[in-house]
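Survey of secondary and tertiary structure
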Amino acid sequence: MTDLPAREALAEVARVRRRIRSLRWWHVAAGLVTAVSLTVYYVAMAAWPDEVDVFVLPWLAVTAGILLLIRWRMRAVPREAARLEEKAVWISVGLALVTIAVNNLLLPPGLSVWIVLTGVLPALPFLYAAWRVGRR
Amino acid sequence: MSHPRHRLDEVIHTPVRLSIMAALDAAERVHFGLLRDTVEVSDSLLSKHIVNLEEAGYVTVTKGHEGRRPRTWYALTPLGREAFATYLATLDEIVGRVSQPPLR
């Protein structure tokens, strides 16, 4: 191998890396959709509990549809993404329990800043995972 | 035999397999279609090179379904990642060596 092929090989490695890494934005999008969906869900559950039956199923269906579409477009899984997303799910479940407990035991019903803040809690792990995947 | 080119891994050191290894090294796993489009080869040629890499213990293949459609994913094994890192280091060494001014 002479100088040129070695440089060409390194250039090809760089090209391929750029192409594969550019697809990590699908994972970022999935994380953001999940975070927004969770926040809207928990805020709505606490602020308008009587309307739950009306909005829950359509909202879950829309979210699931968007996530399925994104998942279909995901043709590369970024390094660390699988580990980060699995952790995000478990931490989010824990924070959701905190949100439900605080909303039911401490906060008055109806929309308030506190309801929004507790509603954001379960979304935080997905926002963090999206940020970590996006910055690599 | 002191020149670093002698240490280049022959399994990786072909244009198609180099591109496959670079793609797989950039992700946890990559879908067959994306790999084929990125490397710009036919399905059959990609499969042939994947078999070579699999036999060397560098690549694992996971076949599954999403809905009714079959999906095949490829990933580097720890051995494959290590081999590719060594290969890149050797390339860097060659480039660095050739870039040095000639001796008089």
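Residues numbered from 1 in each chain as written. Chains lettered and ligands numbered in written order. Predicted model: local features only at pLDDT ≥ 70, side-chain atom pairs only at ≥ 80, totals over all residues. Heavy atoms only, no water.

**So, the interface of chain B and chain A**
Counting residues at the interface gives 33 residues for chain B and 24 residues for chain A. Around 2,700 Å² of area is buried between chain B and chain A when both sides are counted, 62% of it from carbon and sulfur atoms. When the buried area of chain B at its contact with chain A is split by residue, B:Ala26, B:Leu34 and B:Thr38 rank highest and sum to 20% of it. The interface formed by chain B and chain A contains 3 salt bridges. Where B:Asp25 meets A:Arg79, a salt bridge forms, and the shortest distance between an N and an O atom there is 3.6 Å. (Contact = heavy atoms within 4.5 Å. Buried area = accessible area lost by both parts, 1.4 Å probe. Salt bridge = Lys/Arg side-chain N within 4 Å of Asp/Glu carboxyl O.)

**Comments concerning the packing of aromatic side chains**
Summed over the entire model, instances satisfying the criterion amount to 4 aromatic pairs over all chains. On the numbers, 5.1 Å between centres and 85° between planes, the contact of A:Tyr41 with A:Tyr42 is edge-to-face. Ring centres of B:Phe32 and B:Tyr74 lie 6.1 Å apart, and the angle between their planes is 45°; this geometry places the pair in the tilted category. Highlighted residues: B:Phe32 in helix H2 (residues 32–39) and B:Tyr74 in strand E3 (residues 69–76), separated in sequence by 42 residues. Between the NZ or CZ atom of A:Arg135 and the centre of the ring of A:Trp131, over which it lies, the distance is 4.6 Å. Lying across the ring of B:Trp73, B:Arg29 places its NZ or CZ 5.2 Å from the centre. (Phe/Tyr/Trp six-rings, centres within 6.5 Å; stacked < 30°, edge-to-face > 60°. Helix = DSSP H or I, 4+ residues; strand = E, 2+ residues; numbered from the N terminus. Lys NZ or Arg CZ within 6 Å of the ring centre and 35° of its normal.)

**Focus on the UniProt feature "domain: Winged helix DNA-binding" (unreviewed entry) in chain B**
When the UniProt feature table is mapped onto this chain numbering, "domain: Winged helix DNA-binding" (unreviewed entry) sits at residues 16–95 of chain B. Helix makes up 61% of residues 16–95 of chain B and strand 24%, with an end-to-end C-alpha separation of 21 Å. (UniProt positions renumbered as here; feature names shortened; annotations may be inferred.)

**Regarding the nonpolar core**
Of all hydrophobic cores here, the largest spans 38 residues; its most connected members are A:Ile20, B:Ile20, B:Leu35, B:Phe84 and B:Tyr87. For this core, the secondary-structure elements that each account for two or more residues are helix H1 (3–22) of chain A together with helix H1 (15–25), H2, helix H3 (43–55), E3 and helix H4 (78–99) of chain B. Each residue touching B:Leu35, except ones within four places of it in the same chain, is listed here: B:Ile20, B:Ala23, B:Leu24, B:Val30, B:Leu46, B:Ile50 and B:Tyr74. (Core = buried A, V, L, I, M, F, W, Y, C linked by side-chain atoms within 4.5 Å. Buried < 20%, exposed > 50% of the residue type's maximum accessible area, 1.4 Å probe, protein only.)

**Quick word on the environment of A:Val43**
All names here are of chain A. Mapped onto the elements, Val 43 comes out in helix H2 (residues 25–47). In sequence terms Val 43 and Val 113 are 70 residues apart; their C-alpha atoms lie 9.9 Å from each other. Not counting residues within four places of it along the chain, the set of residues in contact with Val 43 comprises Trp 48, Leu 111, Ile 115, Val 116 and Gly 119.

**Concerning the UniProt feature "transmembrane region" (unreviewed entry) in chain A**
Residue and element names in this part refer to chain A. As recorded in UniProt, the feature "transmembrane region" (unreviewed entry) lies at residues 25–48, 54–72, 88–107 and 113–131. Its end C-alpha atoms 33 Å apart, residues 25–48 is made of 96% helix and 0% strand. Segment residues 113–131 splits into 84% helix and 0% strand. End C-alpha atoms: 25 Å apart.

**Observations concerning the packing of H2(A) against helix H6 (residues 124–135) of chain A**
Packed helices, taken two at a time, are described by the angle between their axes plus the distance between the axes. All names here are of chain A. Following both chains from N to C, one finds H2 and H6 inclined at 165°, their axes separated by 8 Å at the closest point. Our classification of the angle between H2 and H6 gives roughly antiparallel. Where H2 crosses over H6, the handedness of that crossing is left-handed. Counted together, Trp 25, His 27, Val 28, Gly 31, Leu 32, Thr 34, Ala 35 and Leu 38 of H2 and Phe 126, Leu 127, Ala 130, Val 133 and Gly 134 of H6 form the full contact between these two elements. (Axes fitted to C-alpha atoms, helices over the stretch in contact; angles between N-to-C directions. Parallel < 35°, antiparallel > 145°, perpendicular 65-115°, else oblique. Left-handed = near helix turned anticlockwise from the far one by under 90°.)

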